[in-house]
Amino acid sequence: MTRTPDQGASGDGTADPARPQTSVDGRTPAQDPSRDPAADPDREQSRSAGSSLRFGYGTNGLADLRLGDALALLADLGYDGVGLTLDHMHLDPLAPDLAARTRRVAHRLDALGLGVTVETGARYVLDPRRKHGPSLLDADPDDRARRAGLLVQAVRVAADLGAHAVHCFSGVVPDGTDEDTAWKRLAETLTPVLDAATAAGIPLAVEPEPGHLLATLADFHHLRRTLGDPEPLGLTLDIGHCQCLEPLPPADCVRDAAPWLRHVQIEDMRRGVHEHLPFGDGEIDFPPVLAALAATGYQGLTVVELPRHSHAGPHFAARSLPFLRRAAASAAPHGDPSATPEGSRTP
């Protein structure tokens, strides 16, 4: 379907005729040379190095911006796409007229040339008192059904946006629940979501999250086998989480995860500490990671995930993309992830 720019409420990402869409320096997109890949030496450098990676930024790190302003900012900075977290301030999945609002956002994404992944990690979108509650693991079946219903809604939104995946996670094991029961609940509650994903042709990309039931790549494979390896079930790989708690280095995690990889999140992190950090503030050596990712042939977005830096979101969005492009460009020729150029971690 060919989409055309629409006009409406700017909070949902559409153009407001009273507020001309401008770049971060006040120019319209047509006047802004940063929108032209030929005018961007960092992008050309990464492309000449053979990188096929497409970088995005998560709206959970731009929570203080209207969605329309966030999308315009990312396009002006040269990002390829956006990780769109469905939340009360960004395409609220529980507010009226979701289908119409989604169409307007789809038109805006097309007009800006941005790809999209739908993310579902909003902290309080379902319950104003419980972070990420209710979860897929709750004891109350009605609560579990509410979370599953949100994910089914996210699949519909993703299909209407032309997104390449829907992200989700398991949740924390509730007090008083044994792990066997938690795994059973997870598999049962995800089943209707996977049915919706199959019907829509949208992969469901489950993220291993530190502290959750499904915390590691090994846990993802346990779920996959439990469900009978359903075709729409894929993986969200968070590079920082690999550094945090996986036994293998992040580049090895990328290679091992390649057959199931449907979405990638990226940030810096330290071993044993689940804290999303700006690039250069942690321990990850990124050129080998990006070389390994490019070598897999992964075609989705690699989305910067800095939700706790939203207070300075535009600043970190502006810093992150040049860092990633330099890291991609400095990766060893032919995607050899074993070589690490000197100074490659300098932001």
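Each value, and the rule that gives it
Residues numbered from 1 in each chain as written. Predicted model: local features only at pLDDT ≥ 70, side-chain atom pairs only at ≥ 80, totals over all residues. Heavy atoms only, no water. Salt bridge = Lys/Arg side-chain N within 4 Å of Asp/Glu carboxyl O. Buried < 20%, exposed > 50% of the residue type's maximum accessible area, 1.4 Å probe, protein only. Helix = DSSP H or I, 4+ residues; strand = E, 2+ residues; numbered from the N terminus. Arc of directions from axis to C-beta. Contact = heavy atoms within 4.5 Å. Pairing = 2+ DSSP bridges. Right-handed = clockwise from strand over helix to strand, strands pointing away. Lys, Arg positive; Asp, Glu negative; His and termini not counted. Polar contact = N/O pair within 3.5 Å; in protein donor to acceptor, adjacent residues only side chain to side chain. Axes fitted to C-alpha atoms, helices over the stretch in contact; angles between N-to-C directions. Parallel < 35°, antiparallel > 145°, perpendicular 65-115°, else oblique. Left-handed = near helix turned anticlockwise from the far one by under 90°. Nonpolar A, V, L, I, M, F, W, Y, C, P; charged D, E, K, R; others polar. Phe/Tyr/Trp six-rings, centres within 6.5 Å; stacked < 30°, edge-to-face > 60°.

K.L.:
If you had to explain the pattern of salt bridges to someone new, which residues and values would you point to?
P.N.:
Scanning the entire structure with this criterion turns up 7 salt bridges. A salt bridge links Arg130 to Asp127; the nearest nitrogen and oxygen atoms lie 3.1 Å apart. Accessibility expressed as a relative area gives 15% for Asp127, which makes it buried. A salt bridge links Arg130 to Asp143; the shortest N-O distance between them is 3.9 Å. With Arg130 in the loop between strand 3 (115-119) and helix 4 (141-161) and Asp143 in helix 4, this pair connects stretches of sequence that are 13 residues apart.

K.L.:
Give a detailed account of helix 6 (residues 217-226), specifying residues and quantitative values.
P.N.:
By the burial criterion, the buried members of helix 6 are Leu217, Phe220, His221, Leu223 and Arg224. End-on view of helix 6: buried residues confined to an arc of 160°, all on one side of the axis. Turned more than 90 degrees away from the buried face of helix 6 sit Ala218 and Arg225, all of them exposed. Buried positions along helix 6 lie against helix 5 (179-200), strand 6 (233-238) and helix 8 (250-257). Positive phi shows up at Gly228, right after helix 6, with a value of about 80°.

K.L.:
Mind laying out unusual backbone geometry, listing which residues take part and the relevant values?
P.N.:
In this model, Gly133 is joined to Pro134 through a cis peptide bond whose omega is -15°. In this model, Leu91 sits at a positive phi of 50°, which is unusual for a non-glycine residue. You can see Leu91 is positioned in the loop between strand 2 (81-85) and helix 3 (98-112). Judged by relative accessible area, which is 0%, Leu91 ranks as buried. Positive phi is not limited to glycine here, since Asp97 has a value of about 60°. Mapping Asp97 onto the fold places it in the loop between strand 2 and helix 3.

K.L.:
Would you mind going over the pairing of strand 1 (residues 54-58) in detail, with residue names and values included?
P.N.:
With 4 of 5 residues buried, strand 1 is to be regarded as a mostly interior element. Two strands pair when backbone bridges link them, and strand 1 and strand 10 (residues 301-304) are joined in this way by 4 bridges, in the parallel orientation. The residue of strand 10 that forms the bridge with Tyr57 is Val304. As defined by bridge partners, strand 1 adjoins strand 2 across 3 bridges and the pair is classed as parallel. In the strand pairing of strand 2, Tyr57 is matched with Val82. Where the polypeptide runs from strand 1 across helix 2 (residues 67-77) and back to strand 2, its parallel neighbour, the crossover connection is right-handed.

K.L.:
Explain the side chain of Asp87 to me, using residue names and the numbers behind them.
P.N.:
As for its placement among the helices and strands, Asp87 is situated in the loop between strand 2 and helix 3. This buried residue, Asp87, is left without a salt bridge; Arg123 holds the nearest opposite charge, at 6.7 Å.

K.L.:
Which residues make up the side chain of Ser320, and what are the values?
P.N.:
Its place among the elements puts Ser320 in helix 10 (residues 313-330). Here the side chain of Ser320 touches Phe316 through a polar contact of 2.6 Å, landing on its backbone oxygen. Beyond its immediate stretch of four places on either side in the chain, Ser320 contacts Tyr57, Tyr79, Phe279, Val304 and Leu306.

K.L.:
Give a description of the packing of helix 5 against helix 6 that names residues and reports values.
P.N.:
Across the interface, helix 5 lies against helix 6 with an axial gap of 10 Å and an inter-helix angle of 60°. Taken together, the axes of helix 5 and helix 6 lie oblique to each other. You can see that helix 5 and helix 6 cross each other, and the crossing is right-handed. Between helix 5 and helix 6, the residues in contact are Trp183, Leu186, Ala187 and Leu190 and Asp219, His222, Leu223 and Thr226, respectively. Of the residues in the contact of helix 5 with helix 6, the class split is 5 nonpolar, 2 polar and 1 charged.

K.L.:
Please give an account of the packing of aromatic side chains that cites residues and values.
P.N.:
Inspection of the entire model under this criterion finds 4 aromatic pairs. A centroid spacing of 5.8 Å and a plane angle of 70° characterise the contact between Tyr57 and Tyr79, whose relative ring orientation is edge-to-face. With Tyr57 in strand 1 and Tyr79 in the loop between helix 2 and strand 2, this pair connects stretches of sequence that are 22 residues apart. The pair formed by Tyr57 and Tyr79 is uniform in burial state, with each residue classed as buried. Note on Phe279 and Phe323: the rings are 4.9 Å apart at their centroids and 5° apart in plane angle, and the pair reads as stacked. One end of the pair, Phe279, is in the loop between strand 9 (273-277) and helix 9 (286-295); the other, Phe323, is in helix 10, and 44 residues separate them in sequence. Here the aromatic residues Phe279, Phe286 and Phe323 are joined through ring pairs into a cluster of three or more.

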